[in-house]
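Each chain is listed here by its residues.
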Amino acid sequence: MTHYPPPLSGRAQDETRELRPKFNSDGLVAAIAQDAATGEVLMLAWMSAEALRLTLETGKATYWSRSRGEIWVKGETSGHTQDVVEIRVDCDQDAVLLKVRQTGGACHTGRQSCFYRIADASGLTLAGEGEAG
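Residues numbered from 1 in each chain as written. Predicted model: local features only at pLDDT ≥ 70, side-chain atom pairs only at ≥ 80, totals over all residues. Heavy atoms only, no water.

Enquirer: Could you give me a rundown of unusual backbone geometry, with the residues and numbers involved?
Expert: Its identity as a non-glycine residue notwithstanding, Q93 has a phi of 65°, on the positive side. With respect to the helices and strands, Q93 occurs in the loop between β5 (82–89) and β6 (95–102). (Helix = DSSP H or I, 4+ residues; strand = E, 2+ residues; numbered from the N terminus.)

Set out below in structure tokens:
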């Protein structure tokens, strides 16, 4: 099992240069994957301490599957991999941002991004609907 030092209080956590992830009650932190070249947000997933450690060590985006209850390396079965270029941690360390080189679609639907729907007061539309191709 991977152990990180416990989070600090207040400003000390905001300013520390130590990795002290603030895992939620399920032992997870939110992980946002972003295309390193374009800045497009690709997906949101979850990381356990072990998934974070493996991502840092291997440079391959590794997550915790809440539905399967296990570690998974992005693209291990689909081939749609995420090579990590940079990892950023937010101010209180309860979320991480992975800047990645995405191969294939990031979404399990095969789309480039999981954020392909636009919400407004009338409901949802698909991004790109009605645009000239």
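Enquirer: So what's going on with the layout of surface pockets? Which residues, and what values?
Expert: Considered as a void within the structure, the largest pocket measures approximately 640 Å³ in volume. For the largest pocket, the lining is made up of 25 residues, of which M43, R68, W72, K74 and H108 are closest to its centre. Going through the elements one at a time, β2 (41–47), β3 (62–65) and β4 (70–73) are the ones with two or more residues in the lining of the largest pocket. No other element matches β2, which puts four residues into the lining of the largest pocket. Residue composition of the lining of the largest pocket, grouped by class: 11 nonpolar, nine polar and five charged. (1 Å grid on protein atoms, 1.4 Å probe; cavity = no way out; pocket = protein on both sides within 12 Å on 5 of 7 lines; lining within 4 Å. Points joined across faces, edges and corners; volume = space filled by probe spheres on them. Nonpolar A, V, L, I, M, F, W, Y, C, P; charged D, E, K, R; others polar.)

Enquirer: An account of the nonpolar core is requested, with residue identities and associated values reported.
Expert: One finds L42, M43, M47, Y63 and L98 to be the most contacted residues of the largest nonpolar core, which totals 16 residues. Going through the elements one at a time, β1 (29–35), β2, α2 (49–58) and β6 are the ones with two or more residues in this core. Broken down by element, the residue count for this core peaks at four residues, all from β2. (Core = buried A, V, L, I, M, F, W, Y, C linked by side-chain atoms within 4.5 Å. Buried < 20%, exposed > 50% of the residue type's maximum accessible area, 1.4 Å probe, protein only.)

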